[in-house]
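A look at the structure
Okay, here's what each chain looks like letter by letter:
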Amino acid sequence: MDLKETAAELLGKIRTNAPLVHNITNFVVMNSSANILLALGASPVMAHSRREVKEMAAMAGALVLNIGTLEEKWIEAMLLAAEAANERGIPVILDPVGAGATAYRSKVAETILRKTSVSVIRGNASEVLSLAVDDVRTKGVDSSLSFSDEIVTAAGALARKYGCIVSISGEKDLVADGDRVLRVANGVPLMTRVTGLGCGLSAVTGAFCSVAGEDLFNAVAAAYGFYGLCGELAHEVSDRPGSFYVAFVDAIHAAGAADIHTRLKIESG
Ligand SMILES: Nc1ncnc2c1ncn2[C@@H]1O[C@H](COP(=O)(O)OP(=O)(O)OP(=O)(O)O)[C@@H](O)[C@H]1O
Ligand SMILES: Cc1ncsc1CCO
Ligand SMILES: [Mg+2]
């Protein structure tokens, strides 16, 4: 099946099944990620108490871990939730927000990767490179790097190291599994002018993975492509960040198979 068909099929499954996506995420994006998941057709829940995360993760279709505003207790909660998800084969998405900016963030991201089985790392180029290579510094939570051969090599190495898919957002997104590489050319630069659209993509990646069965690699690429084309649709309505965000959520809700067939831009290599 080609990727457009796969993407349309996965989107249809999300809208039919409304999979539960359990997020342990940062304070900045809890509301926007929940709205993006609802607009998509998934069922979001944000839950981070150590007293309930195992139970919640166990009934979810996907678990999304985001280290954007870390707290000690949350790290324990993330490890507990991932353990419950791993026991049941539920995909775990890790957004290593700000990895490389502080030693604490880098260490926590690595601890999660070492102690649990993460299915997909979803970050920007600086974050992913900092996890793959020593001595890379990230500036805050935004990427200060663009794509280069170094990043493609680093993504593949990281994917092999943790046996996971590594995906990097940017002008052309990259999806790597240590063997294959896909590039997704959808999206508009204005997406970087609204806080948390990367985190929203991590949540949407969780939704696509929750209905994908075994083929997470193509599901991740489909999530990126769909998300980016919704950015393009929103940009046709607005070119200012505030109203763009509203148009983007509307596009996530309204876009369908026809938009995927005309707009999805995914290439291999
Ligand atoms: N220069 C660009 N051109 C087109 N699309 C882009 C560009 N940069 C990022 N995007 C798109 O914006 C979305 C968010 O990616 P971004 O790299 O900004 O995430 P992020 O840095 O993790 O964001 P945040 O941490 O603020 O949530 C992705 O869908 C990506 O494809
Ligand atoms: C701005 C910001 N700071 C910590 S998390 C976050 C949301 C985007 O990643
Ligand atoms: Mg981010």
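Cut-offs used in this document
Residues numbered from 1 in each chain as written. Chains lettered and ligands numbered in written order. Predicted model: local features only at pLDDT ≥ 70, side-chain atom pairs only at ≥ 80, totals over all residues. Heavy atoms only, no water. UniProt positions renumbered as here; feature names shortened; annotations may be inferred. Helix = DSSP H or I, 4+ residues; strand = E, 2+ residues; numbered from the N terminus. Rg over C-alpha atoms; globule rule 2.2 N^0.38 Å. Contact = heavy atoms within 4.5 Å. Areas by Shrake-Rupley, 256 points an atom, 1.4 Å probe, with all protein chains shown as cover. Lys, Arg positive; Asp, Glu negative; His and termini not counted. Charge placed at Lys NZ, Arg CZ, Asp CG, Glu CD. Buried < 20%, exposed > 50% of the residue type's maximum accessible area, 1.4 Å probe, protein only. Near = heavy atom within 4 Å. Polar contact = N/O pair within 3.5 Å; in protein donor to acceptor, adjacent residues only side chain to side chain. Nonpolar A, V, L, I, M, F, W, Y, C, P; charged D, E, K, R; others polar. Disulfide = S-S within 2.5 Å.

- The name given to the protein chain in an unreviewed UniProt entry is Hydroxyethylthiazole kinase, with the source organism recorded as Desulfosarcina widdelii.
- As its UniProt record puts it under Cofactor (unreviewed entry), the protein chain is described as follows: "Mg(2+)".
- Comment text from UniProt for the protein chain, heading Sequence similarities (unreviewed entry), reads "Belongs to the Thz kinase family."

Quick notes on the overall build of the protein chain
- Scanning the protein chain from N- to C-terminus turns up 11 helices and 9 strands.
- Computed over C-alpha atoms, the radius of gyration of the protein chain comes to 17 Å, within 12% of the 18 Å expected from 2.2 N^0.38 for 269 residues, which places it in the range of a compact globule.
- Overall size of the protein chain, expressed as C-alpha extent along the three principal axes, is 40 × 40 × 40 Å.
- Long-range pairs, those at least 24 residues apart, make up 71% of the contacts in the protein chain with a sequence separation of at least 6.
- For the protein chain, the accessible surface area stands at approximately 11300 Å², while carbon and sulfur atoms represent 50% of it.
- A distance of 4 Å separates the average location of the 24 positive side-chain charges in the protein chain from that of its 30 negative side-chain charges.

A closer look at unusual backbone geometry
- One non-glycine residue, Ala18, adopts positive backbone phi at about 45°.
- Mapping Ala18 onto the fold places it in the loop between α1 (3–17) and β1 (20–24).
- The exposure class assigned to Ala18 is partly exposed, which follows from its relative accessible area of 36%.

Re the site of ligand 1
- Neighbouring ligand 1 are 18 residues; Asn124, Ser169, Asp173, Gly198 and Cys199 lie closest to it.
- With respect to ligand 1, the backbone of Gly198 contributes an N or O atom lying 2.8 Å from an oxygen atom.
- Put simply, the parts of the chain that give the shell around ligand 1 at least two residues each are β5 (120–124) and α8 (197–210).
- Tallying contributions element by element places α8 first for the shell around ligand 1, with 4 residues.
- Along the lines of polarity and charge, the residues of the shell around ligand 1 split into 8 nonpolar, 7 polar and 3 charged.

Structural notes on the UniProt feature "binding site: ATP" (unreviewed entry) in the protein chain
- In this numbering, the UniProt entry assigns the feature "binding site: ATP" (unreviewed entry) to Arg122 and Ser169. Taking the farthest pair of C-alpha atoms as the criterion, the annotated set spanning 48 residues converges on one region, since that pair is 7.6 Å apart.
- Counting through the fold element by element, Arg122 comes out in strand β5.
- Sequence-distant contacts of Arg122, defined by excluding residues within four places in its chain, comprise Ile93, Leu94, Asp95, Pro96, Ser167, Ser169, Gly198, Cys199, Leu201, Ser202, Thr205 and Tyr224.
- Only 3.0 Å separates the side chain of Arg122 from the side chain of Asp95, close enough to count as a polar contact.
- Its location among the elements puts Ser169 in strand β6 (residues 165–169).
- Given a relative accessible area of 18%, Ser169 falls into the buried group.

Description of the state of the cysteines
- Within this structure, the stated rule accounts for 0 disulfides.
- Counting only cysteine sulfurs, Cys209 is the nearest neighbor of Cys164, a cysteine outside any disulfide, at a range of 11 Å.
- Accessibility expressed as a relative area gives 4% for Cys164, which makes it buried.

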